[in-house]
Amino acid sequence: MGMTPILSIFHFLFLSLSLSSLFAAAANQSKDEETPFVGVNIGTDVSNLFTPEELVAFLKSQQITHIRLYDADPALLAALAGTGIRVVLGIPNNQLLALGSSNATAVAWVARHVLSFLPSTLISAIAVGDEVPASLPSALPLLLPALRSLSSALSSSADPPIKLSTPLPFSIILDPFPPSQAFFNQTLASSFLLPLLEFLSDTDSPLMLNLYPYYALMQSRGVIPLDNSLFKPLPPSLEEVDPNTLLHYTNVFDAMIDAAYFSMKNLNVTDVPILITETGWPSNGSRKDEPFATKDNADTYNSNVIKHILDRSGTPLHPEITSSVYIYELFNEDLRPGPVSEGNWGLFYGSGTPVYLLHLVGSGEFLATDTTNRTYCVAAEGADGKALQAALDWACGPGLANCSEIQPGESCYEPNNVGSHASYAFDSYYQKEGKVPGSCYFQGVAMVTTTDPGHHQRRRREGRGRRGDSLWWRKRKRREAGRLWEGGSGLRRRKKREAGHLCERRGATCSDEEERSGGGGLQRKKRSGGFAAEKKKGQPQPVAEKKRGGEEEWEKEKGKQKGLV
């Protein structure tokens, strides 16, 4: 039975809208794939590694949306279903012989490790082998056959198609500085690299490259400046200039990528994009042999490379193209053999504690969540002394930080410099405010760190550092008023009265009694606005300094003080 004209029109409109929605969704997905991203590598040589479910929860808490796995773990792939996290699935080198020798083996591998998880788990690419030319050159003749067999097994299995490539070491590129002179190792160029690049071009897959400015620095014997490796700003006179192209290079990372582009161009290949499957910096190493492997350098490099990618900065040769990167790596692999640095490339320890906090301004919560809450606020490196002093005065004054321990003769007075004192005061304020966002800013002269600055250990050992006890501020205001503190035991008694209680119990020290009381008087003083009242002219003394005469009188006095603030 035919449709009426009205129903036909309605049906046409419905189909048009549905197709428009599908095309829009496909366009958005394609756009997401083209947008430069930062992912992480996840190694498994870790003591007490998270369960798959715990790992997925951790990835989501850190806003990580792209990961690379070195092996196909069925339990983890299942746990990733429905999360939206995109996966580069790795195939270890020891499986290349089977995959490169038998198409049936490749089909079985794809069915077991890929098709059974699609489409719930987003597998975006497969990395076949890892640095085969350097780590297992005997398997090199099998690498291209393995890629072709897997490509045939994957045909029409996913939309968009799953990319296929193999991560290569940067050592295949010779004479990379200046970039315009770079070329591929000639023993590999015609027999392996050119056929590989043709395969990547035909399948619209990227050249996967493991790229480490850290190793370039170590091998340069002083030729490459450390700042150039860490993305630190350089004066124009120190920027590297390619004499053939006159392009200026402000960092080693961009120079290495352009060296790869020039090497491909020498083989007449210009349509293969580059994906950085590994880059990073170790946070610890042998002091003698690996002096640049430090937390500060690792923090600086990884923070800057992430910012570089998210800013879509491109390279001097291709400013319009920004390569996506995978940071090596998520966890310290403490079980890996080799040099000290080998187990210290991670952003986190195996427990999920940050090795250091990345400085990722404007990146939201990406890789910025401290899951263990072990963070501290300290003076930023290189901060101006006058700005630090002004921030220190505010923290110990209106900020109500506890600055009693940085007074002369107290346990944290030494070293007696503005940076050390500011770190103590900043962290006191930061902890007092509950580490809320913005409580470690101080006009840009403070920074958050996971390294305990040391005064926490002293305060815990000596039982000091009560919250809100701003001795600095009270001493300063009394000096301005011409009043001096009593000395000796009188000072102790007066400080106890300010906290709202006296040590009346015989045989108990003030610190013992204070621990039992829980600092209740101190909390009441803070709520009553006693400190703020001191800043106004002609005010009575703070309530907490007056002797209590019963709850009714206390409430009356407290109400008066609130009216002054």
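Read on for a plain summary of the structure. (Residues numbered from 1 in each chain as written. Predicted model: local features only at pLDDT ≥ 70, side-chain atom pairs only at ≥ 80, totals over all residues. Heavy atoms only, no water.)

Counted under the stated rule, the structure contains 2 disulfides. With its sulfur 2.0 Å from that of its partner, Cys377 forms a disulfide with Cys440. Between Cys377 and Cys440 the sulfur-sulfur dihedral comes to about 85 degrees; the bridge is accordingly right-handed. Linking Cys377 in strand β14 (residues 376-379) with Cys440 in the loop between α14 (418-432) and β15 (446-449), this pair joins segments that are 63 residues apart in sequence. Considered together, Cys377 and Cys440 belong to a single accessibility category, that of buried residues. (Disulfide = S-S within 2.5 Å. Helix = DSSP H or I, 4+ residues; strand = E, 2+ residues; numbered from the N terminus. Buried < 20%, exposed > 50% of the residue type's maximum accessible area, 1.4 Å probe, protein only.)

Taken as a whole and judged by the stated rule, the model has 20 aromatic pairs. Here Phe231 and Tyr301 contribute two aromatic rings whose centre-to-centre distance is 5.7 Å and whose plane-to-plane angle is 50 degrees, an arrangement assigned as tilted. One end of the pair, Phe231, is in the loop between α10 (226-229) and β10 (240-241); the other, Tyr301, is in helix α12 (residues 295-310), and 70 residues separate them in sequence. Assessed through its relative accessible area of 14%, Phe231 is described here as buried. According to the relative accessible area criterion, Tyr301 is buried, its value standing at 0%. When the centroid spacing of 4.2 Å and the interplanar angle of 15 degrees are considered together, the rings of Phe426 and Phe442 count as stacked. Of the two residues, Phe426 sits in helix α14 while Phe442 sits in the loop between α14 and β15, which places them 16 residues apart along the sequence. Of the two residues, Phe426 and Phe442, neither departs from the other in class, the shared state being buried. (Phe/Tyr/Trp six-rings, centres within 6.5 Å; stacked < 30°, edge-to-face > 60°.)

Here we take up the side chain of Asp299. Looking at the element boundaries, Asp299 is found in helix α12. Lacking a salt bridge, the buried Asp299 has Lys232 as its closest oppositely charged neighbour, with an N-O distance of 10 Å. Ignoring sequence-local partners within four residues, the contact set of Asp299 consists of Tyr356, Leu357, Leu358 and His359. (Lys, Arg positive; Asp, Glu negative; His and termini not counted. Salt bridge = Lys/Arg side-chain N within 4 Å of Asp/Glu carboxyl O. Contact = heavy atoms within 4.5 Å.)

Okay, the pattern of salt bridges next. The full count for this structure, using the stated rule, is 8 salt bridges. Among the ionic pairs, Arg336 bridges to Asp45, the shortest N-O distance being 3.8 Å. Placement of the pair is Arg336 in the loop between β13 (325-327) and β14 and Asp45 in the loop between β1 (38-42) and α2 (52-61), with a sequence separation of 291 residues. The exposure class of Asp45 is partly exposed, given its relative accessible area of 32%. The partner of Arg68 in a salt bridge is Glu278, with the nearest N and O atoms 3.1 Å apart.

As a further point, take the sheet that holds strand β5 (residues 163-165). On the basis of which strands lie adjacent, the open sheet formed by 9 strands has the order β5-β4-β3-β2-β1-β13-β12-β9-β6 and parallel pairing. Each having just a single partner strand, β5 and β6 (168-169) make up the two edges of the open sheet. As judged from the 4 bridges shared by strand β2 (residues 66-69) and strand β3 (residues 86-91), these two strands associate in the parallel manner. Residue His66 lies in a different strand from β3, and its bridge partner there is Arg86. (Pairing = 2+ DSSP bridges.)

Here we come to the pairing of strand β9 (residues 207-210). Side-chain alternation along β9 places Leu207 and Leu209 on one buried face and Met208 and Asn210 on a second face that is also buried. Bridge analysis of β6 against β9 gives 2 bridges, and the strand direction is parallel. Within the sheet, the bridge partner assigned to Pro169 lies in β9 and is Asn210. Two elements, β9 and strand β12 (residues 274-279), share 4 bridges in a ladder whose sense is parallel. Bridge pairing links Leu209 to Ile276 in β12.

Moving on, we come to the nonpolar core. The biggest cluster of nonpolar side chains holds 97 residues, and the ones touching the most others in it are Ile67, Leu89, Trp109, Ile126, Val128, Phe253 and Leu330. In this structure Leu330 touches Val40, Asn41, Ile42, Leu55, Phe58, Leu59, Ile64, Gly346, Leu347 and Phe348, once residues within four positions along its chain are discounted. Membership of the second largest hydrophobic core comes to 21 residues, among which are Cys396, Ala401, Phe442 and Ala446. (Core = buried A, V, L, I, M, F, W, Y, C linked by side-chain atoms within 4.5 Å.)

With 16 residues, α12 extends 22 Å from end C-alpha to end C-alpha; this agrees with the ideal 22 Å at 1.5 Å per step. Those residues of α12 not exposed but buried are Asn297, Ala298, Asp299, Tyr301, Asn302, Ser303, Val305, Ile306, His308 and Ile309. Looking at the buried positions of α12, the neighbouring elements they touch are β1, α9 (213-219), α10, α11 (252-266), β12 and β13. (Expected span 1.5 Å × (residues − 1).)

Okay, the environment of Ser439 next. Of note, Ser439 is situated in the loop between α14 and β15. A residue is classified by how much of its surface remains accessible, and Ser439, at 3% relative accessible area, is buried. It is 7.4 Å that separates the C-alpha atoms of Ser439 and Tyr429, two residues lying 10 residues apart in sequence. The contact partners of Ser439, leaving out residues within four places of it in the chain, are Tyr429, Tyr430 and Glu433.

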